[in-house]
Amino acid sequence: MWNKIINDSYLKHRDNTLYAIIINITNLNNNKYLIRRNYLQIIAENFKMLISKIFLNIKKIIRSLLIVYTRHKHYRNNNRFRRHKHRYNNYYYNNYKYNNVSRSKPKRSRLIKIITRAIIILLIILIVINNPSYIKQILETLQTSINNISATIQSTITYKQPTINSTWVFQFFSIVNQYRQSIGAPPLQYCPWLDSFAHVRFETMIRNPAISHYGFDWDYDKYLSQYQYFLSVGEEVLYPNGYTPKNYVQFLQSKAPIHWEGLIDSNYTYYGYYIGYGPTYVIIGSCPVTEIQSPNINVPQYLQSYGCSVKIENSTWLVIELSNWCNGPETLLVSVINDDLPQRYYMYLPIQYNLPTNDKYVKLVINLSSTSPVKLFLFTPYQFNYFESLYQQEMWSFTGPAYYYGGESTTFNTEIMLNTAQLANSGYYLVISNVLPNAKYTYIVGNITIVYTPTTLRFLLNT
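All figures in this text were calculated on a predicted structure; none of them were measured in a lab. (Residues numbered from 1 in each chain as written. Predicted model: local features only at pLDDT ≥ 70, side-chain atom pairs only at ≥ 80, totals over all residues. Heavy atoms only, no water.)

**Quick look at the overall build of the protein chain**
Stated formally: For the purposes of this entry, the term helix denotes a DSSP run of H or I that reaches at least four residues, the term strand denotes a run of E that reaches at least two, and both are numbered from the N terminus. Throughout, exposure labels follow a simple rule: accessible area from a 1.4 Å probe, protein chains only, divided by the maximum for the residue type, with under 20% read as buried, over 50% as exposed, and the rest as partly exposed. What makes two residues a contact is simply this: any of their non-hydrogen atoms within 4.5 Å. The Shrake-Rupley method, run with a 1.4 Å probe sphere, supplies the accessible areas, and residue values consider only the shown protein chains as cover.
Helix and strand counts for the protein chain stand at 16 helices and 10 strands. By residue count, 38% of the 463 residues in the protein chain fall in the buried class. Taking as baseline every contact in the protein chain between residues at least 6 positions apart, the subset at least 24 positions apart corresponds to 84%. Approximately 27,200 Å² of the protein chain is accessible, and the part contributed by carbon and sulfur atoms is 53%.

Quick look at the structure:
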């Protein structure tokens, strides 16, 4: 029911280790502030090292001043210091060690600190005045580092988000429709209803992404089986990230001809799409395989069988659903008649459908022609059983009871309104009777259709 498709796939969930790695990579955007903080800490440490190198000579000068000052004080107060220390050794030491936490430091220490700060400030001023280019270089280095941080984070965020959008998709299908027109195919029209099914398909495929178009039959049976009488659906899974719409059309024509054939298939007249983002299998290096040709293929095994190396990589998915219907009235073909009918025989056609519509009545359209006159009836099952119980002579003049009696003719072009509930429960029987007093061998051609307006589903996503 659906066309030949491409798909690359996801990592199986049972491989928990690789899956955890992928989740951590995917959540990188959530840690962008942690990245910024760590990066700035590294810059701060480097800047600290740079300042240390700049003021290395300052430290040496300060150390020399401290040594000279200390020696001078020791020399001048040598005897008094010794007496003080000798007399109050235990008392002074204990008092200072345990009780001087909140007190001011000795005056000598404060003086040294003031001198040191003054020297450092003077040297910084001299450096700024005499070496403005060097300071400018430091500031430029810091600015460059900050810009690199922003660029790195922005690059991470940009890579995480899909780079294609609805504008890209509409431009892509505009180009596709130009090629469809050149081969006489009708243009593909956008159908929002199919967007919902494309979203459903994306959520299903990522549950077991190693299998191409995983779960299509399940989703079709769950959501679209009631449309199976007339609906034809094709699916394409593409990875157009980094391409312009025009370039990607050229890529499909040269590298993925099966997918391209699906896009220009004249049986499809509508499209819907969903843009998703997640891991998929990509080829490392060269590979003779350029597309996956059918569904339910184990993608990594298939590629490896051709000697190709693969890896998991986050990429943008474009899931496209193609269809022959979107909304509005739809014609359901019930039967094509091309048969003979001997005299005193009749043919019947059971008609029973559970149609996805909210309309109370649907239209049965009958277009028939025969080489000799026949009678046309439409019966309920009860009426049809009664008709079958009649003898031949009783059928000659029979006109009812019947849900509809079309008379006796060689041509029938008629429309009959059928009750939707009756059609779904027990249905109807269309009877063409050649049981007539002057019946002749006849040949009948024509077709029977039902016209109704389907109700589109509201898809429920379990995400």
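**Points about the pairing of strand β10 (residues 442-452)**
Inclusion rule: Strands are labelled as partners when DSSP assigns at least two bridges between them.
Across 11 bridges, strand β5 (residues 330-341) lies against β10 in antiparallel orientation. Each residue of the ladder has a partner; that of V336, found in β10, is N447. Sheet topology places strand β7 (residues 361-379) next to β10; 8 bridges connect them, and they run antiparallel. Across the sheet, residue N367 finds its bridge partner in β10, namely N447.

**Quick look at helix α9 (residues 192-205)**
Going by this rule: To estimate how far a helix should extend, the number of its residues minus one is multiplied by 1.5 Å.
Between its first and last C-alpha, α9 extends 20 Å over 14 residues, near the 20 Å set by a 1.5 Å rise per residue. For α9, a buried count of 12 out of 14 residues is recorded, marking the element as mostly surrounded by other parts of the structure. Of all the positions in α9, only W193, L194, D195, F197, A198, H199, V200, R201, F202, E203, T204 and M205 are classed as buried. Buried-residue contacts for α9 involve β1 (189-190), α10 (216-224), β2 (233-238), β3 (270-284) and β4 (309-323).

**Things to note about a nonpolar patch on the surface**
Formally: Excluding any residue in a salt bridge, patches collect residues exceeding 30% relative accessible area, merging like charges within 9 Å and nonpolar Val, Leu, Ile, Met, Phe, Trp and Tyr side chains within 5 Å. For this document, the term salt bridge refers to a Lys or Arg side-chain nitrogen within 4 Å of an Asp or Glu carboxyl oxygen.
Residues Y361, Y403 and M417 make up a contiguous nonpolar surface patch of about 280 Å² in total accessible area. Residue placement: Y361 occurs in strand β7. Judged by relative accessible area, which is 39%, Y361 ranks as partly exposed.

**Some details on helix α14 (residues 381-388)**
Note the threshold: Directions drawn from the helix axis to the C-beta atoms are what define this arc.
Taken together, the buried positions of α14 are Q383, F384 and F387. Relative to the axis of α14, the buried residues are bounded by an arc of 100° and lie together on one face. Structurally, α14 contributes buried residues whose contacts are with β6 (346-351), β7, α15 (392-396) and β9 (428-433).

**What about the nonpolar core?**
Rule in force here: We call a set of buried Ala, Val, Leu, Ile, Met, Phe, Trp, Tyr and Cys residues a nonpolar core when their side-chain atoms join them within 4.5 Å.
Core analysis: the largest hydrophobic core is formed by 44 residues, its most contacted members being L224 and I450. Put simply, the parts of the chain that give this core at least two residues each are α9, α10, β5, β6, β7, β8 (404-419), β9 and β10. Residue contributions to this core peak at 7 residues, all from β7. Setting aside anything within four residues of it in sequence, one finds L224 in contact with W193, F197, D219, L231, V233 and F459. Counting residues in hydrophobic clusters, the runner-up holds 23 residues, among them L263, Y271, Y273 and I275.

**Brief notes about the state of the cysteines**
Rule in force here: Two cysteine sulfurs form what is called a disulfide whenever their separation falls within 2.5 Å.
Taken as a whole and judged by the stated rule, the model has 2 disulfides. The partner cysteine of C191 in its disulfide is C326, sulfur to sulfur 2.0 Å. Because the torsion about its S-S bond is 85°, the bridge between C191 and C326 counts as right-handed. One end of the pair, C191, is in the loop between β1 and α9; the other, C326, is in the loop between β4 and β5, with 135 residues separating them in the sequence. Each of the two residues, C191 as well as C326, counts as buried. Each disulfide pairs two cysteine sulfurs, and for C287 the partner residue is C308, the sulfurs being separated by 1.9 Å.

**Side note on the environment of P295**
Within the secondary structure layout, P295 lies in the loop between β3 and α13 (299-305). In this structure the C-alpha to C-alpha distance between P295 and S212, which are 83 residues apart in sequence, comes to 5.0 Å.

**Let's talk about the packing of α9 against α10**
Definition in use: Axis geometry follows a simple rule: fit a line to the C-alpha atoms, using only the stretch in contact for helices, then measure angles between N-to-C directions, giving values from 0 to 180 degrees. Relative orientations are named as follows: roughly parallel for angles under 35 degrees, roughly antiparallel for angles over 145 degrees, roughly perpendicular for angles from 65 to 115 degrees, and oblique for any other angle. Take the far helix as your reference; a near helix turned counterclockwise from it by less than a right angle gives a left-handed crossing, and one turned clockwise gives a right-handed crossing. Side-chain classes follow a simple rule in which Ala, Val, Leu, Ile, Met, Phe, Trp, Tyr, Cys and Pro form the nonpolar group, Asp, Glu, Lys and Arg form the charged group, and the remainder, Gly included, forms the polar group.
Where α9 meets α10, the closest approach of the two axes is 10 Å, and the angle between their N-to-C directions is 140°. With respect to α10, the axis of α9 lies oblique. As α9 packs across α10, the resulting crossing turns out to be right-handed. Contact residues: W193, F197, V200, R201 and T204 in α9; F216, D219, Y220, Y223 and L224 in α10. Here the residues of the contact of α9 with α10 sort into 7 nonpolar, 1 polar and 2 charged.

**A closer look at unusual backbone geometry**
In the segment running from G400 into P401, the intervening peptide bond is cis, with an omega of 15°. Secondary-structure assignment places P401 in the loop between α15 and β8. Despite not being glycine, R344 has its phi angle at roughly 60°, a positive value. If you trace the backbone, R344 turns up in the loop between β5 and β6. The exposure class assigned to R344 is partly exposed, which follows from its relative accessible area of 37%.

**Section: the sheet that holds β4**
Spatial ordering of the open sheet is given by β1-β3-β4-β2, a layout of 4 strands whose pairing is mixed. Every interior strand has two partners, whereas the edge strands, β1 and β2, have only one.

**A closer look at the pattern of salt bridges**
Enumeration over the complete set of coordinates arrives at 4 salt bridges. Among the salt bridges present, the one from E235 reaches R201, with a minimum N-O distance of 2.6 Å. In this pair, E235 is assigned in strand β2 and R201 in helix α9, connecting sequence segments 34 residues apart. Of the two residues examined, E235 and R201, each falls in the buried class. Note that K363 is salt-bridged to E415, the shortest N-O span being 3.5 Å. With K363 in strand β7 and E415 in strand β8, this pair connects stretches of sequence that are 52 residues apart. Because the salt bridges share partners, they merge into one network encompassing R201, D219 and E235.

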